[in-house]
Amino acid sequence: MKRALILPLMALPLLGATPPTGADVTVSVTHLRSTDGKVRACMAPQKSAFPDCRGGVGMELSVAADKAGAFTFRNVAPGTYAIALIHDENDNGKIDKALMIPKEGFGFSRDAPVRMGPPPFSAAAFDVGKENVRQPIKMRYLL
């Protein structure tokens with residue numbers, strides 16, 4: 001009688017599966033003023049897509065505000081990125097304004113300073129390599 005060779009499942013490669021090639025970028029959000037709505041995030045790989053992932057360029061996530069203390073962009077290719085967040089409190093998919101001033105919260109990677117409008121890509125930019133990255137982002141509210 002022949003014996004069957006039994007291997008642990010993890011020893012067999014998954015057909016068609018490729019191992020992750022990028023790092024994880026974990027965003028930790030502080031200073032949310034409420035748990036209403038969603039936190040919408042854009043991680044842009046170039047200044048033309050920052051701060052709102054214009055043209056479908058970049059990675060976007062939407063997280064319920066009550067669960068937005070930390071969330072992760074997975075398997076991010078090496079490169080330079082900048083993150084922009086909005087706290088869409090009424091969950092209408094955009095940042096509401098009053099006389100051109102945001103009524104909802106916003107934040108940027110590297111705590112990039114805000115003057116008249118969003119900061120430049122270079123002020124919020126950070127590098128992603130092979131190692132996982134943490135980006136703390138403090139939400140700001142003007143109204």
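Residues numbered from 1 in each chain as written. Predicted model: local features only at pLDDT ≥ 70, side-chain atom pairs only at ≥ 80, totals over all residues. Heavy atoms only, no water.

Draft legend 1. Just the nonpolar core, in detail. Counting 21 residues, the largest nonpolar core has V25, F71, F73, I83 and L85 as the members making the most contacts within it. Elements that contribute at least two residues to this core include exactly β1 (23-30), β2 (38-44), β4 (70-76), β5 (79-88), β9 (126-128) and β10 (133-138). The leading source of residues in this core is β1, at 4 residues. Discounting chain neighbours no more than four positions away, the residues touching L85 are V27, V29, V39, R40, A41, F71, G105, F106, G107, I137 and M139. In this structure, A44, A82, F121 and A125 belong to the second largest nonpolar core, which totals 13 residues. (Core = buried A, V, L, I, M, F, W, Y, C linked by side-chain atoms within 4.5 Å. Buried < 20%, exposed > 50% of the residue type's maximum accessible area, 1.4 Å probe, protein only. Helix = DSSP H or I, 4+ residues; strand = E, 2+ residues; numbered from the N terminus. Contact = heavy atoms within 4.5 Å.)

Draft legend 2. Spotlight on the pattern of salt bridges. Per the stated rule, a full pass over the model turns up 7 salt bridges. With its nearest N and O atoms 2.9 Å apart, the salt bridge here joins D24 to R74. Placement of D24 in strand β1 and of R74 in strand β4 is noted, with a sequence separation of 50 residues between them. The partner of D111 in a salt bridge is R140, and the shortest N-O contact between them spans 2.6 Å. With D111 in the loop between β8 (105-108) and α1 (121-124) and R140 in the segment after β10, this pair connects stretches of sequence that are 29 residues apart. It is possible to trace a salt-bridge network through shared partners that takes in K38, R40, D88 and D91. (Salt bridge = Lys/Arg side-chain N within 4 Å of Asp/Glu carboxyl O.)

Draft legend 3. Molecular detail of the state of the cysteines. Considering all chains together, one arrives at 1 disulfide under this definition. Residue C42 pairs covalently with C53 via a disulfide, S to S 2.1 Å. Residues C42 and C53 share a disulfide whose torsion about the S-S bond is about 105°; that sign makes it right-handed. With C42 in strand β2 and C53 in the loop between β2 and β3 (59-64), this residue pair connects regions lying 11 residues apart in the sequence. (Disulfide = S-S within 2.5 Å.)

Draft legend 4. Spotlight on the pairing of β5. Most of β5 is tucked away, with 7 of its 10 residues classed as buried. As paired strands, β2 and β5 are joined by 7 bridges and run antiparallel to one another. By the bridge assignment, A44 is partnered in β5 with A82. Two strands pair when backbone bridges link them, and β5 and β9 are joined in this way by 3 bridges, in the antiparallel orientation. Looking at the pairing, G79 lines up with V128 of β9. In this sheet, β8 lies alongside β5 in antiparallel orientation, the contact comprising 4 bridges. Of the residues in β8, the one forming a bridge with I86 is F106. (Pairing = 2+ DSSP bridges.)

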